[in-house]
Amino acid sequence: MGLGRLGTVAPVTVTVIPAGKTNTANGKAKIVAGSGNAKLKVSFFGPFYGDYWVLDRAEDYGWAIVGEPSGRYLWMLTRQAQPEPQVRARIEARVKELGYDWGLVRVTDQG
């Protein structure tokens, strides 16, 4: 995410597709006041904003768990395309500790 004007960030999602090409989506995000910068309202499609909450992260920012309050959407974000098994196990355990269903985690195939 890039920096925006005060109280906002500019999320950018980049997906690598076959043949090494990329798809990029630029969004808008607003930091939710009083959240310690852990909760955002994010939009990639016009005026519609969704909750994007940083639920937990590694001390070194090597991984993060991001979701929204209903639990319908949950992502495991890591700096490594294929995190070490113990890192993935730690993230899975933390997701469950937070009361979320690990089966809802969206894991991106990073080949």
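Provided above is the structure to which this section pertains.
Everything numeric in this text was worked out from a predicted model, so none of it was measured.

1. Here's the deal with the nonpolar core
With ten residues, the main nonpolar core is built from Ala58, Trp63, Ile65, Leu74, Met76, Ile91, Val95, Tyr100, Trp102 and Val105. Among the elements of the structure, β8 (63-67), β9 (74-78) and α1 (85-97) are those that each provide at least two residues to this core. Apart from the residues within four sequence positions on either side, Val95 is in contact with Ile65, Leu74, Tyr100, Asp101, Trp102 and Val105.

2. Topic: the packing of aromatic side chains
A complete count under the given rule lists two aromatic pairs for this structure. Note on Tyr73 and Trp75: the rings are 6.2 Å apart at their centroids and 15° apart in plane angle, and the pair reads as stacked. You can call Trp75 partly exposed: its relative accessible area is 27%. An aromatic cluster of three or more residues is present, and its members are Tyr52, Tyr73 and Trp75.

3. Section: α1
Over its 13 residues, α1 extends 18 Å from the first C-alpha to the last, a length consistent with the 18 Å expected when each residue adds 1.5 Å. Immediately downstream of α1, the backbone of Gly99 shows phi near 90°, a positive value.

4. Some remarks on unusual backbone geometry
One non-glycine residue, Asn37, lies in the positive phi region at around 65°. As for its position among the elements, Asn37 is in the loop between β5 (28-31) and β6 (39-45). The exposed category is assigned to Asn37, whose relative accessible area is 56%. One non-glycine residue with positive phi stands out, namely Tyr61, at about 65°. Among the secondary structure elements, Tyr61 is positioned in the loop between β7 (48-57) and β8.

Parameters at a glance
- Residues numbered from 1 in each chain as written.
- Predicted model: local features only at pLDDT ≥ 70, side-chain atom pairs only at ≥ 80, totals over all residues.
- Heavy atoms only, no water.
- Core = buried A, V, L, I, M, F, W, Y, C linked by side-chain atoms within 4.5 Å.
- Buried < 20%, exposed > 50% of the residue type's maximum accessible area, 1.4 Å probe, protein only.
- Helix = DSSP H or I, 4+ residues; strand = E, 2+ residues; numbered from the N terminus.
- Contact = heavy atoms within 4.5 Å.
- Phe/Tyr/Trp six-rings, centres within 6.5 Å; stacked < 30°, edge-to-face > 60°.
- Expected span 1.5 Å × (residues − 1).

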